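Now for the letters of each chain:
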Amino acid sequence: MALPKSKKSVAVKKSQSAVAGGGRTPGRRPRKAASRSLYTSAEVHEIFRRFCVQRPEPKGELDYVNAFTLLVAVVLSAQATDAGVNKATKALFAAADTPQKMLALGEAKVGDHIRTIGLWRNKAKNVIALSKALIDDYAGQVPQDRDELVKLPGVGRKTANVVLNVAFGQHTMAVDTHIFRIGNRIGLAPGKTPEQVEQGLLKVIPAEFMRHAHHWLILHGRYVCKARKPDCPACVIADICKSKEKTTDIPAPLVPIAPLDERFPAEEFFLF
């Protein structure tokens, strides 16, 4: 009668099998890396050159007065429209534009200001908590480091990247739903996760365009390469685009676009 195998001998055999299989545990599939961009370096350069001609100085659509209010605005924008956030934060930022003032305002009053925004109760808690953390741990200043930013309540990688790019000019890529869609739809930086798309874009976009690349892609996704139906006739890169969904190879005229606040007066913009 054979003796039962000890746990130690089973563990040794598993280890030997893993080595024989190239370091992998049998039956476990290796993770697939993100696919490569469909574009050459020259094509990517031309894409962003055209975006630069269209919008030489692109701006985000969230209103803010300093790095702290930008951080708060981005936290509040999760699952909410920029226009809706701007409407709620106009009075809030007039009353509290520093962590100290926000903490003094208190959670209840912050909640009163942002009641029209989705998930406002939880967001009010996060705004107060992150304000306190900034005071306690960073002398009231917004840190210029992603690892430090994501420690703050309500702040994820995307929010941190927005703040680092917009407030501090760092070459970051905040992948929202628009950028994730474009990265995959046109094959610029395919990926199954926002972080894969982020890394793909950081790899292919020329350094000279990285400062504004985040805004160019968001605005392109919001107004041209839309989710339900891309407006290909309005696309300045239609001839370069490799999307299977595109309806034309003729690019739109490459002319500068007026800033949003010039095309849509504030009181009208809020209606959208």
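Residues numbered from 1 in each chain as written. Predicted model: local features only at pLDDT ≥ 70, side-chain atom pairs only at ≥ 80, totals over all residues. Heavy atoms only, no water.

## Remarks on helix 9 (residues 157–168)
Here helix 9 is 12 residues long and its end C-alpha atoms lie 16 Å apart, about the 16 Å a rise of 1.5 Å per residue gives. Burial in helix 9 covers these residues: Thr 159, Ala 160, Asn 161, Val 162, Val 163, Leu 164, Asn 165 and Val 166. Turning to helix 9, the residues buried within the fold contact helix 3 (67–76), helix 8 (146–149), helix 11 (194–204) and helix 12 (210–223). With its phi angle positive at about 70 degrees, Gly 169 sits one or two positions after the end of helix 9. (Helix = DSSP H or I, 4+ residues; strand = E, 2+ residues; numbered from the N terminus. Expected span 1.5 Å × (residues − 1). Buried < 20%, exposed > 50% of the residue type's maximum accessible area, 1.4 Å probe, protein only. Contact = heavy atoms within 4.5 Å.)

## Notes on the nonpolar core
In terms of nonpolar packing, the biggest core is built from 37 residues, with Leu 71, Met 102, Val 110 and Leu 152 touching the most fellow members. Contacts of Val 110, omitting those with residues within four sequence positions, involve Leu 92, Met 102, Leu 105, Ala 124, Val 127 and Ile 128. Counting 30 residues, the second largest nonpolar core, distinct from the first, contains Ile 182, Leu 201, Ile 237 and Ala 238. (Core = buried A, V, L, I, M, F, W, Y, C linked by side-chain atoms within 4.5 Å.)

## Observations concerning unusual backbone geometry
Positive phi, normally seen in glycine, also occurs at Gln 79, with a value near 55 degrees. Relative to the helices and strands, Gln 79 resides in the loop between helix 3 and helix 4 (82–95). One non-glycine residue, Ala 139, adopts positive backbone phi at about 55 degrees. Structurally, Ala 139 is set in the loop between helix 7 (120–138) and helix 8. Looking at Ala 139, the relative accessible area reads 64%, which means it is exposed.

## Overview of the environment of Asn 126
Structurally, Asn 126 can be placed in helix 7. For the pair formed by Asn 126 and Gly 154, sequence separation is 28 residues and the distance between their alpha carbons is 5.5 Å. Once you skip the residues sitting within four places of it in the chain, Asn 126 turns out to touch Pro 153 and Gly 154.

## Some words on the packing of aromatic side chains
For the coordinates displayed, the defined rule picks out four aromatic pairs. Ring geometry for Phe 48 against Trp 216: centres 6.5 Å apart, planes inclined by 50 degrees, an arrangement best described as tilted. Pair noted here: Phe 48 is in helix 2 (residues 41–54) and Trp 216 is in helix 12, with a separation of 168 residues, a long-range link. With respect to class, Phe 48 is no different from Trp 216; both count as buried. In this structure an aromatic cluster arises from ring pairing among Phe 48, Phe 51, Phe 209 and Trp 216. (Phe/Tyr/Trp six-rings, centres within 6.5 Å; stacked < 30°, edge-to-face > 60°.)

## Observations regarding the confidence of the model for the protein chain
In this model, the protein chain carries an average pLDDT of 87, and 82% of its residues clear a pLDDT of 70 or more. Contacts for the low-pLDDT stretch residues 6–26, under 50 throughout, to residues beyond four places or in other chains number seven contacts. Under a pLDDT of 50 for its full length, residues 261–272 has, in the predicted model, 10 contacts with residues more than four places off or in other chains. (pLDDT = per-residue confidence, 0-100.)

## Some remarks on empty space enclosed by the protein
Summed over all chains, the structure comprises one cavity of 30 Å³ or more. Counted as a void, the largest cavity has a volume near 110 Å³. In terms of lining, the largest cavity is formed by 15 residues, of which the most central are Cys 225, Pro 230, Cys 232, Cys 241 and Lys 246. For the lining of the largest cavity, the residue count by class is nine nonpolar, two polar and four charged. (1 Å grid on protein atoms, 1.4 Å probe; cavity = no way out; pocket = protein on both sides within 12 Å on 5 of 7 lines; lining within 4 Å. Points joined across faces, edges and corners; volume = space filled by probe spheres on them. Nonpolar A, V, L, I, M, F, W, Y, C, P; charged D, E, K, R; others polar.)

## With respect to the packing of helix 3 against helix 9
Relative orientation of the contacting elements helix 3 and helix 9 amounts to 145 degrees, with a least axis distance of 10 Å. Judged by the sense of rotation from one axis to the other, the crossing of helix 3 with helix 9 is right-handed. For the pair formed by helix 3 and helix 9, the contact residues are Ala 67, Leu 70, Leu 71, Val 74 and Val 75 on the first element and Thr 159, Val 162, Val 163, Val 166, Ala 167 and Phe 168 on the second. In terms of residue class, the contact of helix 3 with helix 9 is built from 10 nonpolar, one polar and no charged. (Axes fitted to C-alpha atoms, helices over the stretch in contact; angles between N-to-C directions. Left-handed = near helix turned anticlockwise from the far one by under 90°.)

## What about the state of the cysteines?
The final tally for this structure, using the stated rule, is zero disulfides. No disulfide involves Cys 232; its sulfur sits 6.5 Å from that of Cys 235, the nearest cysteine. (Disulfide = S-S within 2.5 Å.)

## Considerations on the layout of surface pockets
In this structure, the largest pocket occupies an estimated 820 Å³ of space. Taken together, 34 residues form the lining of the largest pocket, with Glu 61, Leu 62, Asp 82, Ile 218 and Arg 222 sitting closest to its centre. Listed by contribution, the elements that provide at least two residues to the lining of the largest pocket are helix 3, helix 4, helix 9, helix 10 (177–185) and helix 12.

## Topic: helix 4
In this model, helix 4 (14 residues) spans 20 Å end to end at C-alpha, consistent with the 20 Å of a helix rising 1.5 Å per residue. The sharpest bend along helix 4 measures roughly 40 degrees and falls at Thr 89. Within the sequence span of helix 4, burial applies to Asp 82, Ala 83, Val 85, Asn 86, Ala 88, Thr 89, Leu 92 and Phe 93. (Bend = angle between axes of the 7 residues up to and from the residue.)

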